[in-house]
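Coordinate inspection notes
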Amino acid sequence: MAFDLDQPLSDYTFSLRVAKENYWTRDFTLRAIAEYKKFMYMAAISDEMVSPSKVVDAVWHEHITATQKYSEFCSVLGKQIHHVPSSRSRFDFERFQRAKNLTKEIYHREFGAAPKDVWEFDTMYDSLNLPKGKFKIRSFIVGGLLVSALLLIPLYFVLRPIYVQISSGDFFGMYILLWVVSFLLLYMYNRQKVQAMFDGFDRSSFVFSLSPSELIYLRKSRVEELVHPAVNRMVAKNIVHVDKANNLSVDSDVVPRNVEENAVMQRLWEKPRPYSVLLAQLSRQPVFSNVANAMEAFEKYVLKSKAFGTLFYVNFAVIMLLLLPGVVRILVGLERGKPVVLIVFFMVVVSIFAFGFLYRLSRRLTRRVVPGHYKNKYAGSKQTDTDWQYFIDDGSTVLFVPAFAPVITSYYASRAGSDSGSSDSGGSSSCGSSCGSSCGGCGS
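As a starting point, this report considers the structure included with it. The shown structure was predicted, so the numbers you read here are calculated from the model rather than taken from an experiment.

**Concerning the side chain of Arg-329**
Tracing the sequence through the fold places Arg-329 in helix 14 (residues 306-335). Nearest to the buried, unbridged Arg-329 among oppositely charged side chains is Asp-170, at 8.6 Å. Those residues in contact with Arg-329 that lie beyond four places of it in its chain are Tyr-163, Ile-166, Ser-167, Ser-168, Phe-171 and Ile-343.

See below:
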């Protein structure tokens, strides 16, 4: 366990590579690496083949590519652990099944209960218990629009005799009431269904061990919001210095203690830099961009799920049914030579509102429910961690140390000016492994 796979520190350490390749969160990645080490230990002490989970196997695949570091790690184990693809024969299937059973026995004996999210689920996202939907939402929208267009014809003949007898005032009164009542019911229905999705997550899921940075990205969707607190910590610890011109620098003899500090110091060792330049460089570094990758993958996984798809279909169908009577009213008005400007304007407004409603629905779980869970958990507590407080206070600059606060203020002021300007201008053993299904490590 003491063998640090991330040494020496760099912009792209082993854990950062594993996280990027698999779209894993930082905490899940570190725990997966720890479980990989346990697996390799079991392979070293066992006289028979042992088998990793798919999550552990993903770490193993990444480690083997770094041949020198892998060899050094096997030296610590006292045995060279080989990773050989299975032939997928019946014999191999039975052999790997025995290996899986043996692995469970050794793990329980050596370490106790195995963490479910690493050893029982095939991917980090399987712990969400959200099976993938059969249809793409985009395809459903196209199909829904076509069906709605076809429904206009029979609906026109059904509603026309009624519309010619209803005044515009009466129509608008009933139509607005229909929209208000329908959206209130949809809002309550959506809250219940989205909360049910969250409650259905396995309690071992990565969702319940997110970092402040990951939650900040869920709410803000900007990598720069992750860089601010990281640099602020280094300024607070007097690792990074701010001069009178608001340029940032670092002493050449300071040794970084983690990947975040290394990323910042690598840029500042060359020469002092304005924060805007440093921020642009750091936003592209894996230690920060991996957070965005994992949270965006989380969001996409939810959107592609059967549960969300069904919820979206219900909302889209209701909205289409609400829009059809208004479209028919416009057609009837045009046929009769009546003014339709007001109804057209109303339909444009409610269409924009409906689009925004669907967009907010698609982000409700990841941007409201999940962050809300953590905010309720930590708000009002005696939580002293600045990063958590930064998340709870929604990125308040009050938390920045006096030396760094002017830098942030100046940065946002210059960015606002830039936005405004642009707007104005326009021992050796061998063992079998079945990659993607089961792999084995043996200690014979």
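**Let's talk about unusual backbone geometry**
Between Gln-7 and the following residue, Pro-8, the backbone shows a cis peptide bond with an omega angle of -5 degrees. Within the fold, Pro-8 resides in the segment before helix 1 (14-22). The backbone of Tyr-23 shows a phi angle near 60 degrees, a positive value even though the residue is not glycine. Position of Tyr-23 relative to the elements: it lies in the loop between helix 1 and helix 2 (26-45). Judged by its relative accessible area of 42%, Tyr-23 falls in the partly exposed class. At Asn-238, a residue that is not glycine, the phi angle is positive and equals roughly 65 degrees. Summarising the element assignment, Asn-238 is placed in the loop between helix 10 (224-236) and strand 3 (240-242).

**Some points on a nonpolar patch on the surface**
Side chains of Ile-176, Leu-177, Val-180, Val-181, Leu-184, Leu-185, Tyr-187 and Met-188 sit close together on the surface and give an oily, nonpolar patch of about 750 Å² of accessible area. For Leu-185, the location among the structural elements is in helix 8 (residues 168-199). By relative accessible area, which is 52% here, Leu-185 ends up exposed.

**What about the packing of aromatic side chains?**
Evaluation of the coordinates by the stated rule reveals 35 aromatic pairs. Ring pairs connect the aromatic residues Tyr-163, Phe-171, Phe-172, Tyr-175, Trp-179, Phe-183, Phe-346, Phe-353 and Phe-357, which therefore count as one cluster. Geometry around Phe-96 places Arg-95 over its ring, the cationic atom sitting 5.5 Å from the centre.

**Some thoughts on the pairing of strand 4 (residues 247-250)**
Side-chain alternation along strand 4 places Leu-248 and Val-250 on a buried face and Asn-247 and Ser-249 on a face that remains uncovered. In the sheet, strand 3 pairs with strand 4 via three bridges, with the strands oriented antiparallel. Within the sheet, the bridge partner assigned to Val-242 lies in strand 4 and is Leu-248. Between strand 3 and strand 4, which pair antiparallel in sequence order, lie four residues; one of them, Asn-246, sits at a positive phi of approximately 65 degrees. As paired elements, strand 4 and strand 5 (residues 273-274) share two bridges and run antiparallel to each other. Pairing of Asn-247 across the sheet is with Pro-274, part of strand 5.

**Remarks on the sheet that holds strand 4**
Reading across the sheet, the three strands line up as 3-4-5 and stay open at both edges, with antiparallel pairing between neighbours. Sheet topology places strand 3 and strand 5 at the edges, where each strand pairs with a single neighbour. Across the face of the sheet, helix 11 (residues 259-268) comes into contact with strand 3, strand 4 and strand 5 while running at roughly 105 degrees to strand 4.

**As for the packing of helix 1 against helix 13 (residues 286-303)**
Between helix 1 and helix 13, the least distance of the axes is 9 Å, while the angle of their chain directions is 25 degrees. Comparing their axes, helix 13 and helix 1 come out roughly parallel. Between helix 1 and helix 13 the crossing geometry is left-handed. Only Pro-286, Val-287, Asn-290 and Asn-293 of helix 13 make contact with helix 1, whose side of the interface consists of Leu-16, Ala-19 and Lys-20. Looking at side-chain class alone, the contact of helix 1 with helix 13 contains four nonpolar, two polar and one charged residues.

Cut-offs and rules
- Residues numbered from 1 in each chain as written.
- Predicted model: local features only at pLDDT ≥ 70, side-chain atom pairs only at ≥ 80, totals over all residues.
- Heavy atoms only, no water.
- Helix = DSSP H or I, 4+ residues; strand = E, 2+ residues; numbered from the N terminus.
- Buried < 20%, exposed > 50% of the residue type's maximum accessible area, 1.4 Å probe, protein only.
- Lys, Arg positive; Asp, Glu negative; His and termini not counted.
- Salt bridge = Lys/Arg side-chain N within 4 Å of Asp/Glu carboxyl O.
- Contact = heavy atoms within 4.5 Å.
- Patch = residues over 30% accessible without salt bridge, like charges linked within 9 Å, V, L, I, M, F, W, Y side chains within 5 Å.
- Areas by Shrake-Rupley, 256 points an atom, 1.4 Å probe, with all protein chains shown as cover.
- Phe/Tyr/Trp six-rings, centres within 6.5 Å; stacked < 30°, edge-to-face > 60°.
- Lys NZ or Arg CZ within 6 Å of the ring centre and 35° of its normal.
- Pairing = 2+ DSSP bridges.
- Axes fitted to C-alpha atoms, helices over the stretch in contact; angles between N-to-C directions.
- Parallel < 35°, antiparallel > 145°, perpendicular 65-115°, else oblique.
- Left-handed = near helix turned anticlockwise from the far one by under 90°.
- Nonpolar A, V, L, I, M, F, W, Y, C, P; charged D, E, K, R; others polar.

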